[in-house]
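What follows is the residue order along each chain.
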Amino acid sequence: MILFPNAKINIGLNITERRPDGYHNLETIFYPIDIKDALEVVKSDKLSFTSTGLEIPGLMEDNLCVKGYHMLKQDYDLPPVSIHLHKHIPIGAGLGGGSSDAAFFIRLMNDKFKLGLSVDEMTDYARRLGADCAFFIENKPVFAFERGDEFESIKLDLSAYKIVLVMPPVHVSTGEAFRGIKPTPVKDSLFDLINEPIADWKKLIKNDFEQTVFKNHAEIRGIKAALYEAGAIYSSMSGTGASVFGIFAETPDLKFLEEENQVFYL
Ligand SMILES: C[C@](O)(CO)[C@H](O)COP(=O)(O)OP(=O)(O)OC[C@H]1O[C@@H](n2ccc(N)nc2=O)[C@H](O)[C@@H]1O
Ligand SMILES: Nc1ncnc2c1ncn2[C@@H]1O[C@H](COP(=O)(O)OP(=O)(O)OP(=O)(O)O)[C@@H](O)[C@H]1O
């Protein structure tokens with residue numbers, strides 16, 4: 001069975017308080033985008049994981065798909081499987097690529113082996129693999145809060161716009177981005193601000209990680225400025241970075257960025 005895990009962007013990201021468990025409460029809007037991996041799982045005589053495409057850092061057993069298999073195996077009588085992942089979603093990009101693979105793995109195993117898991121049960125399993133994973137079970141635009149794994153539905157459709165995603169040759173780890181963050185309670189919730197006209201988002205909707213990540217990575221700040229100069233209605237770093245997206249009325253000419261960066265016209 002083959003599925004195509006997609007990436008996400010964060011529209012707004014406010015870190016509101018530090019939690020006793022060492023995580024942070026935050027507010028963000030998760031929005032699915034059309035940059036995808038390919039994930040295949042077949043029955044096998046032993047568990048294996050292989051990948052092609054982008055090199056995935058870390059050991060095979062640390063891959064979130066393999067962690068997902070061992071997690072489900074504790075509760076279900078699963079046969080060994082061969083997992084193959086073709087990695088296309090940029091890594092360490094703030095695009096949730098690994099988290100998406102993990103969530104799609106849960107969805108695929110539920111279908112393939114008829115585990116009978118509900119959406120809520122799959123979401124609970126996904127939460128255990130990472131704060132970003134749960135969103136990808138339902139995989140639709142949502143307002144997320146707490147660790148980023150509790151959701152309120154929203155109506156948000158950006159299909160009338162052109163979204164461009166720029167990925168510089170830089171890797172920002174989630175842990176690095178959280179270091180130096182000062183949690184700040186929000187005055188106006190993103191749940192309300194997202195309903196404001198998109199032309200007002202530039203002054204209303206912020207990503208708190210920009211203040212810490214831009215300090216060490218001026219090139220990421222530069223990309224955001226370049227997207228606004230190219231006519232973006234709204235631009236922001238996604239998640240903990242390093243990718244930056246721009247929302248345009250028409251497809252912009254960003255050839256000057258394509259030399260040093262991966263540019264995705266979505
Ligand atoms: C910040 C976001 O990128 C927004 O999309 C995500 O919530 C991060 O989700 P993620 O990459 O799945 O993060 P995890 O792998 O769960 O956590 C990595 C590290 O990020 C920090 N972390 C993550 C999420 C969160 N709400 N608070 C945190 O403090 C913790 O130090 C944690 O050990
Ligand atoms: N299937 C996977 N794909 C990519 N990375 C994975 C995977 N499984 C585990 N990882 C590990 O997770 C780390 C972060 O991966 P990911 O690409 O999800 O980060 P990200 O795009 O910054 O996501 P986020 O928005 O959640 O911060 C990688 O450096 C890698 O070591």
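Cut-offs applied
Residues numbered from 1 in each chain as written. Chains lettered and ligands numbered in written order. Predicted model: local features only at pLDDT ≥ 70, side-chain atom pairs only at ≥ 80, totals over all residues. Heavy atoms only, no water. Helix = DSSP H or I, 4+ residues; strand = E, 2+ residues; numbered from the N terminus. Contact = heavy atoms within 4.5 Å. UniProt positions renumbered as here; feature names shortened; annotations may be inferred. Near = heavy atom within 4 Å. Polar contact = N/O pair within 3.5 Å; in protein donor to acceptor, adjacent residues only side chain to side chain. Areas by Shrake-Rupley, 256 points an atom, 1.4 Å probe, with all protein chains shown as cover. Nonpolar A, V, L, I, M, F, W, Y, C, P; charged D, E, K, R; others polar. Domains from an automatic or database assignment. Core = buried A, V, L, I, M, F, W, Y, C linked by side-chain atoms within 4.5 Å. Buried < 20%, exposed > 50% of the residue type's maximum accessible area, 1.4 Å probe, protein only. pLDDT = per-residue confidence, 0-100. Salt bridge = Lys/Arg side-chain N within 4 Å of Asp/Glu carboxyl O. Buried area = accessible area lost by both parts, 1.4 Å probe.

**Things to note about the side chain of Ser99**
Next, step 1: With respect to the helices and strands, Ser99 occurs in helix α2 (residues 97-112).
Next, step 2: Every residue in contact with Ser99, bar those within four places of it in the chain, is listed here: Leu64, Asp132, Cys133 and Phe136.

**Quick word on the UniProt feature "domain: GHMP kinase N-terminal" (unreviewed entry) in the protein chain**
Next, step 1: In the UniProt entry, the feature "domain: GHMP kinase N-terminal" (unreviewed entry) is given for residues 63-137.
Next, step 2: Secondary structure within residues 63-137 divides into 51% helix and 9% strand; the distance between the first and last C-alpha atoms comes to 18 Å.

**Section: the site of ligand 2**
Next, step 1: Taken together, 22 residues form the shell around ligand 2, and within it Lys8, Lys87, Gly98, Asp101 and Asp132 come nearest.
Next, step 2: Taking Leu95, its main chain carries an N or O atom lying 3.2 Å from an oxygen atom of ligand 2.
Next, step 3: Contact distances for ligand 2 include 3.0 Å between an oxygen atom and a side-chain N or O atom of Thr174.
Next, step 4: Considering ligand 2 on its own, with 610 Å² of exposed area, one finds that the protein chains cover 84% of that surface.
Next, step 5: Among the elements of the structure, β6 (81-87) and α2 are those that each provide at least two residues to the shell around ligand 2.
Next, step 6: Looking at which element gives the most residues to the shell around ligand 2, the answer is α2, with 4 residues.
Next, step 7: Across the shell around ligand 2, the residue classes break down as 7 nonpolar, 10 polar and 5 charged.
Next, step 8: Here the shell around ligand 2 spans two domains, since at least three of its residues come from each of domain 1 (2-153) and domain 2 (162-265).

**Observations concerning the nonpolar core**
Next, step 1: Core analysis: the largest hydrophobic core is formed by 52 residues, its most contacted members being Ile11, Leu156, Leu158, Trp201, Ile220 and Leu227.
Next, step 2: Split by domain, the residues of this core number at least three in each of domain 1 (2-153) and domain 2 (162-265).
Next, step 3: Dropping the residues within four chain positions of it, Leu158 is found in contact with Ile11, Tyr31, Ile163, Ile198, Trp201 and Ile247.
Next, step 4: Within the second largest apolar cluster, 34 residues are counted, among which are Met71, Ile106, Met109 and Ala126.

**Some thoughts on the confidence of the model for the protein chain**
The predicted coordinates ought not to be read in detail in places where the model reports low pLDDT.
Next, step 1: Mean pLDDT over the protein chain works out to 96, with 100% of the residues at or above the 70 mark.
Next, step 2: Scoring the predicted complex yields pTM 0.95 and, for the interface, ipTM 0.92.

**Some points on the pattern of salt bridges**
Next, step 1: Summed over the entire model, instances satisfying the criterion amount to 13 salt bridges.
Next, step 2: The partner of Lys203 in a salt bridge is Asp200, with the nearest N and O atoms 3.2 Å apart.
Next, step 3: Each of Arg19, Asp21 and Glu146 takes part in salt bridges that share partners, so that together they form one network.

**A closer look at the domain arrangement of the protein chain**
Next, step 1: Partitioning the protein chain into domains gives domain 1 (2-153) and domain 2 (162-265).
Next, step 2: For domain 1 versus domain 2, the distance between C-alpha centres works out to 23 Å.
Next, step 3: With 29 residues of domain 1 at the contact, the number on the domain 2 side is 33 residues.
Next, step 4: Of the roughly 2400 Å² buried between domain 1 and domain 2 on both sides combined, carbon and sulfur atoms contribute 70%.
Next, step 5: If you sort the residues of domain 1 by the area they bury against domain 2, Ile11, Leu13 and Ile15 come out on top, with a joint share of 23%.
Next, step 6: Where domain 1 touches domain 2, the interface holds 16 residue pairs in polar contact (both at pLDDT 80 or more).
Next, step 7: Breaking the side of domain 1 that touches domain 2 down by element, the ones donating at least two residues are β2 (6-18), β3 (24-36) and β8 (150-153).
Next, step 8: Counting residues per element, the side of domain 1 that touches domain 2 draws most heavily on β2, which supplies 11 residues.
Next, step 9: In the side of domain 1 that touches domain 2, the residues fall into 14 nonpolar, 10 polar and 5 charged.

**So, the site of ligand 1**
Next, step 1: Near ligand 1 lie 16 residues; those nearest to it are Asn10, His24, Ala131, Asp132 and Arg147.
Next, step 2: Within the side chain of Tyr23, an N or O atom sits 3.3 Å from an oxygen atom of ligand 1.
Next, step 3: A distance of 2.8 Å separates an oxygen atom of ligand 1 from a polar side-chain atom of His24.
Next, step 4: Those elements that provide at least two residues to the shell around ligand 1 are β2, β3 and α5 (174-178).
Next, step 5: The residue inventory of the shell around ligand 1, partitioned by class, reads 6 nonpolar, 7 polar and 3 charged.
Next, step 6: In terms of domain composition, the shell around ligand 1 takes at least three residues from each of domain 1 (2-153) and domain 2 (162-265).

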